[in-house]
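# Remarks on the overall topology
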Amino acid sequence: MASVGLAQRIRIGHDGNSGTLFPMMGRVNLGRRRVGLRVMASEGHQSSVEPDLSVTVNGLKMPNPFVIGSGPPGTNYTVMKRAFDEGWGAVIAKTVSLEADKVKNVTPRYAKLRADANGSAKGQIIGWQNIELISDRPLETMLKEFRQLKEEYPERILIASIMEEYNKAAWEELIYRVEETGIDAIEINFSCPHGMPERRMGAAVGQDCDLLEEVCGWINAVATVPVWAKMTPNITDITKPARVSLNKGCEGVSAINTIMSVMGINLDTLRPEPCVEGYSTPGGYSSKAVHPIALAKVMNIARMMKSEFGDKDLSLSAIGGVETGGDAAEFILLGANTVQVCTGVMMHGYGLVKTLCSELKDFMRKHNFSSIEDFRGTSLDYFTTHTDLVRRQQEAIRQRKAVKKGLQSDKDWTGDGFVQETESMVSN
């Protein structure tokens, strides 16, 4: 990675040949991190030391690992300020692009899935669908609010989420403009499943590794802050785009974005939900129901990072159905450095972070962990193949049979089976 060279300048424009002068940007190396660290809890009484939730990720210091995920909870200055005031470790703003006027949202754009029968309004919400697009606010307005937030909260971590069409100059311009506001990192939205793929944006890039490789190359040639690539789950093997992103210079990956879905059909009207003028479109699925799927995707990425990237300064930000400290602990046990929450905030409010921190600390006290790194990645070593599970079980059965052969103590002798018990301990 190159150091920042502000003296060098390049001219870029939407035609790729001419346009505004921008600094030639490189990247700074930000130290090391560990993926898949396995440290077992010590035995004995719980530690009296207060667990420390602070984390340092790609050189960014956060008071806790809980990050506002890109979406409505980071859509403007007011709500992002609220997130910082409530105590979130970092905020990822809603995705921005150069031409917000092309973004047209509809209402209603959300639908819920409840644990009770279809159409019930009483059951627990376990699924959430959205057909919402990226930010429809003018880029200049969002940039102004980024600057204001960094002026008021200089020590807090603000991350810009960006997405553009398949245009090198547009990507370069957008990166320069968001970095100019003082944001701390960039998350690249390679994963929005609806509304933008027809413009070769979002999941259209994340599902095409050749396209992804090229775009990541453009991005990392100019970005001077850490870059996270946000992965789509709507792909057979999520490790492939994650590997491409990291090989092309991204410092981290985020996973997962929402899962393409049809929420349901209203059995009275026979129309799909969410219903807009009688019609709908497939959208992104999130909330509790996606948590097990997200765990599997994160586990696969973490194992790949551990085996192929080892000691490099890379990070993993986990996303998917987090509403409790226990949900977050599961992701961290699989190797995640941070845990993002979006739908959870929409359902429970910004104060959810206090519950998350409290419950995560309770988990840490239970196992005598004093820091996030004490247990990050601990559970990764317990995943294997089905073939290996069969081998392990057969070996365990053999060992149990070996233990049962013969008497283990004088108290085990019986009168009725005395001869057979004697024979069980004869070696020839």
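In what follows, the accompanying structure is described.

Turning our attention to the pairing of strand β10 (residues 185-189). Of all five residues in β10, five are buried; the element is thus mostly enclosed. Residues Ala185, Glu187 and Asn189 of β10 are buried on one face, and the alternating residues Ile186 and Ile188, pointing to the opposite face, are buried as well. By the bridge criterion, four bridges tie strand β9 (residues 157-162) to β10 in an arrangement that is parallel. Across the sheet, the residue bridging to Ile159 is Ala185, located in β10. Alignment of β10 against strand β11 (residues 227-230), held across four bridges, turns out to be parallel. When the sheet's bridge partners are listed, Ile188 is paired in β11 with Ala229.

For soluble globular proteins, the rule of thumb is that nonpolar side chains tend to be buried together. Among the nonpolar cores identified, the biggest contains 103 residues, and Trp88, Ile162, Phe190 and Leu360 are the most heavily contacted of them. No other element matches the eight residues that helix α7 (residues 291-308) contributes to this core. By size, the runner-up hydrophobic cluster in this structure holds six residues, among which are Leu133, Ile134, Met163 and Met201.

This structure, assessed with the given rule, holds seven aromatic pairs. Look at Phe84 and Tyr153: their rings are 5.2 Å apart centre to centre, the planes differ by 35 degrees, and that puts the pair in the tilted class. With a gap of 69 residues between them, Phe84 in helix α1 (residues 77-86) and Tyr153 in the loop between α2 (139-152) and β9 connect regions that are remote in the sequence. On the basis of an interplanar angle of 70 degrees and a centroid distance of 5.2 Å, the ring pair of Phe363 and Phe375 is categorised as edge-to-face. Here the residue Phe363 occupies a position in helix α10 (residues 352-366), and Phe375 occupies one in the loop between α10 and α11 (386-404), the gap between them amounting to 12 residues. A relative accessible area of 17% means that Phe363 is categorised as buried. Its relative accessible area of 0% is what places Phe375 among the buried residues. Taken together, the ring pairs in this structure connect Phe363, Phe369 and Phe375 into an aromatic cluster.

Reading guide: rules and limits
- Residues numbered from 1 in each chain as written.
- Predicted model: local features only at pLDDT ≥ 70, side-chain atom pairs only at ≥ 80, totals over all residues.
- Heavy atoms only, no water.
- Buried < 20%, exposed > 50% of the residue type's maximum accessible area, 1.4 Å probe, protein only.
- Helix = DSSP H or I, 4+ residues; strand = E, 2+ residues; numbered from the N terminus.
- Pairing = 2+ DSSP bridges.
- Core = buried A, V, L, I, M, F, W, Y, C linked by side-chain atoms within 4.5 Å.
- Phe/Tyr/Trp six-rings, centres within 6.5 Å; stacked < 30°, edge-to-face > 60°.

Everything listed here is a matter of geometry and, on its own, says nothing about what the molecule does.
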